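Chains, contacts and geometry: an overview
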Amino acid sequence: MNFADYPLNAICYPLIFMCLAIPAKIISVNGAEAVAEVQGVQRRVNVALVSAPRAGEYVLIHAGFAIKKWTEDDVREYNAITRDLEK
């Protein structure tokens, strides 16, 4: 399954059937709304819960809301873990 197959507020990891928060890169910000990208798919997300979000930063998204900023190292670690789960 692909990320694009799920609506952003219901991303569920297909192997374990549980909803997860996912990291996304902010593309643009307009007030409390941003466009964020995950695996090449861009979606609108609410960024009101994170402090001073900027384009280029990573955030953790759950149910359509950015809930925490992440570093590039956090995203690399997440990607390595999910790759291992898919094997």
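Below you will find a few notes about this structure. Computed from a prediction, not measured in an experiment: that's the story for all the values here. (Residues numbered from 1 in each chain as written. Predicted model: local features only at pLDDT ≥ 70, side-chain atom pairs only at ≥ 80, totals over all residues. Heavy atoms only, no water.)

In the structure shown here, the tally under the stated rule is five salt bridges. Between E57 and K69 there is a salt bridge; the shortest N-O distance is 3.3 Å. Taken together, the residues span a long stretch of sequence, with E57 in the loop between β5 (41–46) and β6 (58–62) and K69 in strand β7 (residues 65–70) at a distance of 12 residues. Given a relative accessible area of 17%, E57 falls into the buried group. With relative accessibility at 31%, the residue K69 sits in the partly exposed group. Its salt-bridge partner being D73, residue R76 comes within 2.3 Å of it at the nearest N-O pair. Highlighted residues: R76 and D73, both in helix α1 (residues 72–86), separated by three residues, approximately one helical turn. Look at R76 and you get partly exposed, because its relative accessible area is 49%. A cluster of three or more residues bridged by salt bridges with shared partners is formed by R54, E57 and K69. (Salt bridge = Lys/Arg side-chain N within 4 Å of Asp/Glu carboxyl O. Helix = DSSP H or I, 4+ residues; strand = E, 2+ residues; numbered from the N terminus. Buried < 20%, exposed > 50% of the residue type's maximum accessible area, 1.4 Å probe, protein only.)

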